[in-house]
Amino acid sequence: MRATACLLALAAAPAGTAAAAPERVVNVYNWSDYVDPKMLDAFTRETGIKVVYDTYDTNEILETKLLAGRSGYDIVVPTGPFLQRLIKAGAFQPLDKAKLPNLRNAWPEVTARLAAYDPGNAYAVDYMWGTTGIGVNTALVRERLGPNQPLNTWDIVLRPELIAKLKDCGVTMLDSPDDIFPSVLQALGLKPDSRRIDDLDRAGDALFRIRGAVQKFHSSEYINQLANGDVCLSVGYSGDVLQARRRAREAKNDVDIAYTIPQQGALMWFDAFAIPKDAPHAAEAHAFIDFMMRPEVAAANTNFVSYASGNLAAKALVKPEILSDPGIYPDEATFRRLFTNTAYDDRTQRVVTRLWTRVRTGR
(Lines give C-alpha, C1' and ligand atoms only; values in the text may rest on other atoms or scores of the structure.)
Protein backbone atom coordinates (compact mmCIF):
# COMPACT_ATOMS: atom_id res chain seq x y z
CA MET A 1 0.00 0.00 0.00
CA ARG A 2 2.82 2.45 0.87
CA ALA A 3 4.51 1.84 -2.53
CA THR A 4 1.20 2.33 -4.38
CA ALA A 5 0.52 5.57 -2.49
CA CYS A 6 3.96 6.90 -3.36
CA LEU A 7 3.48 6.09 -7.06
CA LEU A 8 0.09 7.82 -7.08
CA ALA A 9 1.57 10.89 -5.43
CA LEU A 10 4.32 11.10 -8.02
CA ALA A 11 1.84 10.63 -10.82
CA ALA A 12 -0.24 13.51 -9.45
CA ALA A 13 2.73 15.88 -9.28
CA PRO A 14 2.79 18.66 -11.89
CA ALA A 15 4.80 17.86 -14.99
CA GLY A 16 8.40 19.07 -14.95
CA THR A 17 8.76 19.05 -11.16
CA ALA A 18 10.92 16.81 -9.01
CA ALA A 19 11.10 16.12 -5.31
CA ALA A 20 13.28 18.79 -3.67
CA ALA A 21 16.56 17.53 -2.27
CA PRO A 22 16.68 17.80 1.51
CA GLU A 23 18.60 20.80 2.78
CA ARG A 24 22.05 19.91 4.06
CA VAL A 25 22.73 21.31 7.53
CA VAL A 26 25.43 21.16 10.19
CA ASN A 27 24.47 22.19 13.73
CA VAL A 28 27.46 23.66 15.57
CA TYR A 29 27.62 24.36 19.31
CA ASN A 30 30.71 26.39 20.15
CA TRP A 31 32.07 28.97 22.58
CA SER A 32 30.96 32.57 22.08
CA ASP A 33 33.19 34.94 20.07
CA TYR A 34 35.20 31.98 18.77
CA VAL A 35 35.04 31.92 14.97
CA ASP A 36 35.35 34.30 12.04
CA PRO A 37 31.77 34.51 10.67
CA LYS A 38 33.19 34.89 7.17
CA MET A 39 34.54 31.35 7.41
CA LEU A 40 31.06 30.00 8.15
CA ASP A 41 29.74 31.81 5.09
CA ALA A 42 32.61 30.51 2.97
CA PHE A 43 31.89 26.94 4.08
CA THR A 44 28.23 27.25 3.06
CA ARG A 45 29.07 28.82 -0.29
CA GLU A 46 31.50 26.05 -1.13
CA THR A 47 29.59 23.03 0.16
CA GLY A 48 25.95 24.11 0.15
CA ILE A 49 25.76 23.04 3.79
CA LYS A 50 23.91 25.53 5.99
CA VAL A 51 25.58 26.24 9.35
CA VAL A 52 23.27 26.59 12.35
CA TYR A 53 25.56 28.10 14.97
CA ASP A 54 24.74 28.24 18.69
CA THR A 55 27.02 29.32 21.54
CA TYR A 56 27.64 28.55 25.22
CA ASP A 57 30.01 30.00 27.81
CA THR A 58 30.71 27.10 30.16
CA ASN A 59 31.75 23.50 29.63
CA GLU A 60 29.16 22.49 32.23
CA ILE A 61 26.33 23.70 29.98
CA LEU A 62 27.71 21.67 27.08
CA GLU A 63 28.22 18.60 29.24
CA THR A 64 24.65 18.71 30.57
CA LYS A 65 23.21 18.86 27.06
CA LEU A 66 25.33 16.00 25.75
CA LEU A 67 24.72 13.70 28.71
CA ALA A 68 20.98 14.27 28.41
CA GLY A 69 21.19 12.94 24.85
CA ARG A 70 19.56 13.99 21.60
CA SER A 71 21.08 17.46 21.72
CA GLY A 72 20.65 17.85 17.97
CA TYR A 73 24.21 19.10 17.57
CA ASP A 74 26.68 17.77 15.02
CA ILE A 75 29.82 19.60 16.20
CA VAL A 76 30.75 20.57 19.76
CA VAL A 77 33.97 22.02 21.15
CA PRO A 78 34.72 20.78 24.70
CA THR A 79 37.86 21.64 26.66
CA GLY A 80 40.38 18.86 27.49
CA PRO A 81 39.12 17.50 30.84
CA PHE A 82 35.48 17.68 29.71
CA LEU A 83 36.41 15.97 26.46
CA GLN A 84 38.07 13.22 28.51
CA ARG A 85 35.03 12.77 30.74
CA LEU A 86 32.55 12.81 27.86
CA ILE A 87 34.58 10.24 25.91
CA LYS A 88 34.40 7.93 28.92
CA ALA A 89 30.65 8.52 29.08
CA GLY A 90 30.29 7.42 25.44
CA ALA A 91 29.06 10.83 24.28
CA PHE A 92 31.06 10.95 21.03
CA GLN A 93 31.47 8.89 17.89
CA PRO A 94 34.94 8.04 16.59
CA LEU A 95 36.19 10.26 13.80
CA ASP A 96 36.33 8.81 10.29
CA LYS A 97 39.81 10.09 9.49
CA ALA A 98 39.51 9.06 5.84
CA LYS A 99 37.06 11.97 5.57
CA LEU A 100 39.53 14.38 7.18
CA PRO A 101 42.49 14.72 4.78
CA ASN A 102 43.37 18.11 6.26
CA LEU A 103 44.39 16.44 9.51
CA ARG A 104 47.83 16.46 7.89
CA ASN A 105 47.95 20.14 8.87
CA ALA A 106 47.59 19.45 12.61
CA TRP A 107 50.32 20.62 15.00
CA PRO A 108 52.04 17.41 16.18
CA GLU A 109 52.97 18.75 19.63
CA VAL A 110 49.45 20.02 20.28
CA THR A 111 47.95 16.78 18.99
CA ALA A 112 50.24 14.80 21.31
CA ARG A 113 49.20 16.90 24.32
CA LEU A 114 45.52 16.50 23.39
CA ALA A 115 46.02 12.73 23.43
CA ALA A 116 46.23 12.93 27.23
CA TYR A 117 42.46 13.44 27.10
CA ASP A 118 41.72 11.49 23.92
CA PRO A 119 44.09 8.50 23.64
CA GLY A 120 45.04 7.91 20.04
CA ASN A 121 43.24 11.12 19.06
CA ALA A 122 40.30 8.94 18.10
CA TYR A 123 37.47 11.35 18.89
CA ALA A 124 38.69 14.93 18.64
CA VAL A 125 40.70 17.45 16.62
CA ASP A 126 42.21 20.49 18.32
CA TYR A 127 40.62 23.75 17.18
CA MET A 128 42.31 26.32 19.40
CA TRP A 129 44.53 26.30 22.45
CA GLY A 130 45.52 28.94 24.93
CA THR A 131 46.14 29.79 28.55
CA THR A 132 44.18 31.02 31.54
CA GLY A 133 45.82 34.12 32.96
CA ILE A 134 45.23 37.73 33.94
CA GLY A 135 43.88 40.60 31.86
CA VAL A 136 44.34 44.12 33.18
CA ASN A 137 43.47 47.67 32.32
CA THR A 138 47.02 48.84 32.85
CA ALA A 139 46.27 52.48 33.64
CA LEU A 140 43.60 51.72 36.23
CA VAL A 141 45.58 48.92 37.87
CA ARG A 142 48.81 50.93 37.98
CA GLU A 143 46.92 53.86 39.46
CA ARG A 144 45.81 51.66 42.37
CA LEU A 145 48.75 49.30 42.84
CA GLY A 146 51.60 51.65 41.96
CA PRO A 147 54.31 51.51 39.31
CA ASN A 148 56.47 48.89 41.00
CA GLN A 149 53.92 46.13 41.64
CA PRO A 150 54.51 43.24 39.19
CA LEU A 151 51.39 42.41 37.20
CA ASN A 152 52.51 38.99 35.95
CA THR A 153 51.75 37.28 39.25
CA TRP A 154 48.79 35.56 40.86
CA ASP A 155 49.51 37.74 43.91
CA ILE A 156 47.42 40.60 42.50
CA VAL A 157 44.44 38.23 42.48
CA LEU A 158 45.00 36.12 45.60
CA ARG A 159 46.47 38.60 48.08
CA PRO A 160 43.43 40.23 49.74
CA GLU A 161 45.24 43.50 50.42
CA LEU A 162 46.07 43.88 46.70
CA ILE A 163 42.83 42.85 45.06
CA ALA A 164 40.86 44.96 47.55
CA LYS A 165 42.47 48.02 45.96
CA LEU A 166 40.96 47.01 42.60
CA LYS A 167 37.41 46.39 43.77
CA ASP A 168 36.25 49.90 42.89
CA CYS A 169 37.38 49.63 39.26
CA GLY A 170 35.91 46.15 38.74
CA VAL A 171 37.24 42.59 39.02
CA THR A 172 35.81 39.55 37.25
CA MET A 173 36.71 35.85 37.25
CA LEU A 174 35.82 32.95 35.00
CA ASP A 175 32.84 30.94 36.15
CA SER A 176 34.90 27.81 35.65
CA PRO A 177 36.30 25.86 38.61
CA ASP A 178 38.17 23.60 36.20
CA ASP A 179 40.23 26.64 35.16
CA ILE A 180 40.40 28.46 38.47
CA PHE A 181 41.26 25.67 40.94
CA PRO A 182 44.35 24.40 39.06
CA SER A 183 45.56 27.99 38.70
CA VAL A 184 45.15 28.70 42.42
CA LEU A 185 46.76 25.41 43.42
CA GLN A 186 49.76 26.26 41.25
CA ALA A 187 49.96 29.75 42.77
CA LEU A 188 49.95 28.21 46.26
CA GLY A 189 52.88 25.98 45.34
CA LEU A 190 50.72 22.86 45.22
CA LYS A 191 50.22 20.33 42.45
CA PRO A 192 47.76 21.97 40.00
CA ASP A 193 46.08 18.64 39.23
CA SER A 194 45.87 17.65 42.91
CA ARG A 195 43.00 15.48 44.15
CA ARG A 196 43.97 15.87 47.82
CA ILE A 197 41.05 17.27 49.79
CA ASP A 198 43.39 19.37 51.95
CA ASP A 199 44.89 20.98 48.85
CA LEU A 200 41.50 21.71 47.34
CA ASP A 201 40.29 23.16 50.65
CA ARG A 202 43.31 25.47 50.74
CA ALA A 203 42.53 26.68 47.22
CA GLY A 204 38.87 27.14 48.11
CA ASP A 205 39.79 29.14 51.22
CA ALA A 206 42.16 31.36 49.21
CA LEU A 207 39.36 32.12 46.75
CA PHE A 208 36.82 32.67 49.52
CA ARG A 209 39.05 35.29 51.11
CA ILE A 210 39.07 37.43 47.95
CA ARG A 211 35.58 36.73 46.63
CA GLY A 212 34.23 39.98 48.07
CA ALA A 213 36.37 41.90 45.59
CA VAL A 214 35.01 39.98 42.58
CA GLN A 215 32.22 41.83 40.83
CA LYS A 216 31.07 38.87 38.75
CA PHE A 217 31.89 35.28 37.87
CA HIS A 218 31.27 34.89 34.14
CA SER A 219 33.10 33.30 31.22
CA SER A 220 32.37 35.68 28.34
CA GLU A 221 30.96 39.05 29.44
CA TYR A 222 34.37 40.27 30.54
CA ILE A 223 35.54 40.71 26.93
CA ASN A 224 33.39 43.78 26.36
CA GLN A 225 33.73 44.89 29.99
CA LEU A 226 37.51 45.06 29.64
CA ALA A 227 37.30 46.68 26.21
CA ASN A 228 34.92 49.37 27.47
CA GLY A 229 36.89 50.10 30.63
CA ASP A 230 34.07 48.80 32.84
CA VAL A 231 36.41 46.45 34.74
CA CYS A 232 40.13 46.69 35.41
CA LEU A 233 41.10 43.05 36.04
CA SER A 234 39.76 39.77 34.70
CA VAL A 235 41.01 36.26 35.29
CA GLY A 236 40.25 34.95 31.84
CA TYR A 237 41.28 33.21 28.65
CA SER A 238 44.24 34.54 26.68
CA GLY A 239 42.40 35.10 23.41
CA ASP A 240 39.41 36.72 25.09
CA VAL A 241 41.60 39.31 26.80
CA LEU A 242 43.44 40.00 23.56
CA GLN A 243 40.11 40.35 21.74
CA ALA A 244 39.19 42.95 24.36
CA ARG A 245 42.44 44.76 23.65
CA ARG A 246 41.71 44.78 19.93
CA ARG A 247 38.16 46.08 20.45
CA ALA A 248 39.44 48.87 22.69
CA ARG A 249 41.98 49.89 20.06
CA GLU A 250 39.35 49.83 17.32
CA ALA A 251 37.09 52.01 19.48
CA LYS A 252 40.00 54.40 20.18
CA ASN A 253 38.74 54.79 23.71
CA ASP A 254 42.17 55.10 25.36
CA VAL A 255 41.70 51.79 27.21
CA ASP A 256 44.99 49.87 27.24
CA ILE A 257 44.55 46.15 27.95
CA ALA A 258 47.41 43.76 28.73
CA TYR A 259 47.41 39.99 29.14
CA THR A 260 49.93 38.30 31.41
CA ILE A 261 50.90 34.71 32.00
CA PRO A 262 51.77 34.70 35.72
CA GLN A 263 55.33 33.90 36.67
CA GLN A 264 54.07 31.08 38.94
CA GLY A 265 52.63 29.35 35.85
CA ALA A 266 49.34 29.16 33.98
CA LEU A 267 46.93 26.51 32.78
CA MET A 268 47.29 25.48 29.15
CA TRP A 269 44.01 24.26 27.71
CA PHE A 270 42.75 22.77 24.46
CA ASP A 271 39.35 23.19 22.79
CA ALA A 272 38.65 20.41 20.30
CA PHE A 273 36.09 19.58 17.64
CA ALA A 274 34.12 16.43 18.43
CA ILE A 275 31.02 14.81 16.95
CA PRO A 276 28.25 13.68 19.34
CA LYS A 277 27.37 10.00 19.13
CA ASP A 278 23.81 10.81 18.05
CA ALA A 279 24.73 13.65 15.66
CA PRO A 280 22.01 13.82 12.98
CA HIS A 281 24.43 15.01 10.27
CA ALA A 282 27.72 13.19 10.78
CA ALA A 283 28.83 13.50 7.15
CA GLU A 284 28.33 17.26 7.25
CA ALA A 285 30.18 17.39 10.58
CA HIS A 286 33.22 15.73 9.03
CA ALA A 287 33.06 18.16 6.10
CA PHE A 288 32.97 21.08 8.55
CA ILE A 289 35.98 19.87 10.55
CA ASP A 290 37.99 19.23 7.41
CA PHE A 291 37.19 22.72 6.11
CA MET A 292 38.24 24.28 9.43
CA MET A 293 41.56 22.42 9.24
CA ARG A 294 42.58 24.16 6.02
CA PRO A 295 45.57 26.39 6.78
CA GLU A 296 43.97 29.53 5.33
CA VAL A 297 40.73 28.95 7.26
CA ALA A 298 42.49 28.12 10.53
CA ALA A 299 44.66 31.23 10.17
CA ALA A 300 41.62 33.41 9.47
CA ASN A 301 39.99 32.17 12.66
CA THR A 302 43.16 32.81 14.69
CA ASN A 303 43.48 36.29 13.21
CA PHE A 304 39.87 36.98 14.18
CA VAL A 305 39.77 35.55 17.72
CA SER A 306 43.42 35.92 18.83
CA TYR A 307 43.82 32.31 19.95
CA ALA A 308 46.57 29.95 18.82
CA SER A 309 45.36 27.39 16.30
CA GLY A 310 46.01 23.67 16.62
CA ASN A 311 46.93 23.85 12.93
CA LEU A 312 50.70 24.05 12.40
CA ALA A 313 50.43 24.84 8.69
CA ALA A 314 48.33 27.90 9.56
CA LYS A 315 51.19 29.63 11.39
CA ALA A 316 52.67 30.88 8.11
CA LEU A 317 49.42 32.75 7.43
CA VAL A 318 48.84 34.22 10.90
CA LYS A 319 49.29 37.98 11.27
CA PRO A 320 52.83 38.79 12.46
CA GLU A 321 51.58 40.80 15.44
CA ILE A 322 49.60 37.76 16.66
CA LEU A 323 52.32 35.21 15.94
CA SER A 324 54.88 37.31 17.82
CA ASP A 325 52.61 37.95 20.82
CA PRO A 326 53.85 35.76 23.72
CA GLY A 327 50.39 35.81 25.23
CA ILE A 328 49.13 33.87 22.20
CA TYR A 329 52.15 31.90 21.01
CA PRO A 330 54.38 31.69 24.14
CA ASP A 331 58.12 31.44 23.82
CA GLU A 332 59.97 28.36 25.05
CA ALA A 333 60.68 29.78 28.51
CA THR A 334 57.01 30.60 29.02
CA PHE A 335 55.98 27.21 27.66
CA ARG A 336 57.90 25.59 30.50
CA ARG A 337 55.69 27.42 33.00
CA LEU A 338 52.47 26.06 31.49
CA PHE A 339 50.69 23.05 32.95
CA THR A 340 47.66 20.96 32.07
CA ASN A 341 44.91 19.34 34.11
CA THR A 342 42.85 16.19 33.66
CA ALA A 343 39.22 15.36 34.38
CA TYR A 344 38.21 15.06 38.01
CA ASP A 345 36.86 11.75 39.27
CA ASP A 346 33.31 11.86 40.66
CA ARG A 347 34.43 12.25 44.26
CA THR A 348 36.80 15.12 43.52
CA GLN A 349 34.23 16.77 41.27
CA ARG A 350 31.73 16.85 44.12
CA VAL A 351 34.32 18.46 46.40
CA VAL A 352 35.28 21.08 43.81
CA THR A 353 31.61 21.84 43.03
CA ARG A 354 30.88 22.34 46.73
CA LEU A 355 33.88 24.61 47.20
CA TRP A 356 33.10 26.62 44.07
CA THR A 357 29.49 27.09 45.14
CA ARG A 358 30.75 28.48 48.45
CA VAL A 359 33.04 30.90 46.60
CA ARG A 360 30.34 32.11 44.22
CA THR A 361 27.58 32.48 46.80
CA GLY A 362 29.62 33.47 49.83
CA ARG A 363 27.98 30.73 51.90
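Everything numeric here is computed off the predicted structure, so don't read it as measured data. (Residues numbered from 1 in each chain as written. Predicted model: local features only at pLDDT ≥ 70, side-chain atom pairs only at ≥ 80, totals over all residues. Heavy atoms only, no water.)

Peer 1: In this structure, what is going on with the environment of His281? I would like to understand it.
Peer 2: Inspection of the secondary structure puts His281 in the loop between strand S9 (266-274) and helix H13 (282-292). The sequence separation of His281 and Gln349 amounts to 68 residues, and the corresponding C-alpha distance is 33 Å. Among residues more than four places away in sequence, those in contact with His281 are Val25, Asn27 and Asp74. (Helix = DSSP H or I, 4+ residues; strand = E, 2+ residues; numbered from the N terminus. Contact = heavy atoms within 4.5 Å.)

Peer 1: Where do I start with the side chain of Ser176 in this structure?
Peer 2: Tracing the backbone shows Ser176 in the loop between strand S5 (171-173) and helix H9 (177-187). Take Ser176: its relative accessible area is 5%, and that puts it in the buried class. The residues contacting Ser176, other than those within four sequence positions of it, are Ser219, Tyr237 and Trp356. (Buried < 20%, exposed > 50% of the residue type's maximum accessible area, 1.4 Å probe, protein only.)

Peer 1: Looking at this model, I keep getting lost on the state of the cysteines. Mind explaining?
Peer 2: A covalent bond between the sulfur atoms of two cysteines is what we call a disulfide. Across all of its chains, the model carries 1 disulfide by this definition. Cys169 shares a disulfide with Cys232; S-S distance 2.0 Å. Across the S-S bond of Cys169 and Cys232 the torsion is about 55 degrees, and the bridge reads as right-handed. On the criterion of sequence distance, the pair formed by Cys169 in the loop between helix H8 (160-163) and S5 and Cys232 in the loop between helix H11 (222-228) and strand S7 (233-237) is long-range, its members being 63 residues apart. Accessibility classification places Cys169 together with Cys232 in one group, the buried group. (Disulfide = S-S within 2.5 Å.)

Peer 1: What is the right way to read the packing of helix H10 (residues 197-210) against helix H17 (residues 346-361) from this model?
Peer 2: Each pair of packed helices gets described by two things: the angle between the helix axes and the distance between those axes. Relative to each other, H10 and H17 sit at 15 degrees, their axes nearing to 9 Å. As far as their axial angle goes, H17 and H10 are roughly parallel. The hand of the H10/H17 crossing is right-handed. Of the residues in H17, those in contact with Ile197, Leu200, Asp201, Gly204, Asp205, Leu207 and Phe208 of H10 are Arg347, Thr348, Val351, Val352, Arg354, Leu355, Trp356, Arg358 and Val359. (Axes fitted to C-alpha atoms, helices over the stretch in contact; angles between N-to-C directions. Parallel < 35°, antiparallel > 145°, perpendicular 65-115°, else oblique. Left-handed = near helix turned anticlockwise from the far one by under 90°.)

Peer 1: I tried to follow the environment of Asp193 on my own but got confused; where do I start?
Peer 2: Inspection of the secondary structure puts Asp193 in the loop between H9 and H10. When the C-alpha atoms of Asp193 and Asp178 are compared, they prove to be 9.8 Å apart, with 15 residues separating the residues in sequence. Setting aside residues up to four positions removed in sequence, Asp193 forms contacts with Asn341 and Thr342. A polar side-chain atom of Asp193 sits 2.6 Å from a polar atom in the side chain of Arg195. Polar side-chain contacts of Asp193 include one of 2.7 Å to the side chain of Thr342. (Polar contact = N/O pair within 3.5 Å; in protein donor to acceptor, adjacent residues only side chain to side chain.)

Peer 1: How should the packing of aromatic side chains be read in this particular structure?
Peer 2: Geometry of an aromatic ring pair is reported as the spacing of the ring centres plus the angle between the planes. As enumerated under the stated definition, the model contains 19 aromatic pairs in all. Between Tyr29 and Tyr73 the ring centres are 4.3 Å apart and the planes differ by 5 degrees, which places this aromatic pair in the stacked class. Here the residue Tyr29 occupies a position in strand S1 (residues 25-31), and Tyr73 occupies one in the loop between helix H3 (59-68) and strand S3 (75-76), the gap between them amounting to 44 residues. Between Trp129 and Phe335 the ring centres are 5.7 Å apart and the planes differ by 40 degrees, which places this aromatic pair in the tilted class. On the criterion of sequence distance, the pair formed by Trp129 in strand S4 (residues 124-137) and Phe335 in helix H16 (residues 332-335) is long-range, its members being 206 residues apart. Lying over the aromatic face of Phe82, Arg85 brings its terminal NZ or CZ to 4.7 Å of the ring centre. It is Arg246 that lies over the ring of Phe304; its NZ or CZ is 5.4 Å from the centre. (Phe/Tyr/Trp six-rings, centres within 6.5 Å; stacked < 30°, edge-to-face > 60°. Lys NZ or Arg CZ within 6 Å of the ring centre and 35° of its normal.)

Peer 1: I would appreciate a short explanation of the environment of Lys38 in the present structure.
Peer 2: For Lys38, the position within the fold is in helix H2 (residues 37-47). Put simply, Lys38 and Gln243 are 205 residues apart on the chain and 17 Å apart in space, counted from C-alpha to C-alpha.

Peer 1: Whenever I open this one, the nonpolar core confuses me. Can you help?
Peer 2: Nonpolar side chains tend toward joint burial in soluble globular proteins. With 117 residues, the main nonpolar core has Val157, Met173 and Phe288 as its most contacted residues. Here this core gathers at least three residues from each of two domains, domain 1 (25-130 + 269-331) and domain 2 (131-267 + 342-361). Setting aside chain neighbours within four positions, we find Val157 in contact with Ile134, Ile163, Met173, Ile210, Leu233 and Val235. (Core = buried A, V, L, I, M, F, W, Y, C linked by side-chain atoms within 4.5 Å. Domains from an automatic or database assignment.)

Peer 1: Would you explain the pattern of salt bridges in this entry?
Peer 2: Should the charged atoms of two oppositely charged side chains come close, the side chains can pair. Throughout the structure, instances matching the rule amount to 17 salt bridges. For Arg195, the salt bridge identified is with Asp193, shortest N-O distance 2.6 Å. Its salt-bridge partner being Glu250, residue Arg246 comes within 3.9 Å of it at the nearest N-O pair. Taken together, the residues span about one helical turn, with Arg246 and Glu250 both in helix H12 (residues 238-251) at a distance of 4 residues. Among the residues examined, Arg246 registers a relative accessible area of 23% and is labelled partly exposed. Taking the relative accessible area as the measure of exposure, Glu250 reaches 59% and is therefore exposed. Within this structure, Glu143, Arg144 and Asp168 form a network of salt bridges that share partners. (Salt bridge = Lys/Arg side-chain N within 4 Å of Asp/Glu carboxyl O.)

Peer 1: Where do I start with the packing of H12 against helix H14 (residues 295-305) in this structure?
Peer 2: Orientation of H12 relative to H14, taken along the N-to-C sense of each, is 65 degrees, at an axis distance of 8 Å. Here H14 runs roughly perpendicular to H12, going by the angle between their axes. Across the interface between the two elements, Gly239, Gln243 and Arg246 of H12 pack against Asn303, Phe304 and Val305 of H14. Residues belonging to the contact of H12 with H14 are distributed by class as follows: 2 nonpolar, 3 polar and 1 charged. (Nonpolar A, V, L, I, M, F, W, Y, C, P; charged D, E, K, R; others polar.)

Peer 1: Help me understand the domain arrangement of the protein chain in this model?
Peer 2: Many structure descriptions define interface size as the accessible area lost when the parts assemble. Domain assignment breaks the protein chain into domain 1 (25-130 + 269-331) and domain 2 (131-267 + 342-361). For domain 1 versus domain 2, the distance between C-alpha centres works out to 25 Å. The interface of domain 1 with domain 2 comprises 23 residues on the first partner and 26 residues on the second. Contact between domain 1 and domain 2 buries roughly 1,900 Å² in total, counting both sides, with carbon and sulfur atoms accounting for 48%. The largest contributions to the domain 1 side of the interface with domain 2 come from Arg85, Trp269 and Tyr307, which together make up 25% of the buried area. Connecting domain 1 to domain 2 are 2 salt bridges. In this structure, Asp33 engages Arg247 in a salt bridge whose closest nitrogen and oxygen atoms are separated by 3.0 Å. One can count 11 residue pairs in polar contact (both at pLDDT 80 or more) joining domain 1 with domain 2. Among the secondary structure elements, those contributing two or more residues to the side of domain 1 that touches domain 2 are helix H4 (80-88) and H14. Residue contributions to the side of domain 1 that touches domain 2 peak at 4 residues, all from H4. Within the side of domain 1 that touches domain 2, the residues separate by chemical class into 11 nonpolar, 7 polar and 5 charged. (Buried area = accessible area lost by both parts, 1.4 Å probe.)

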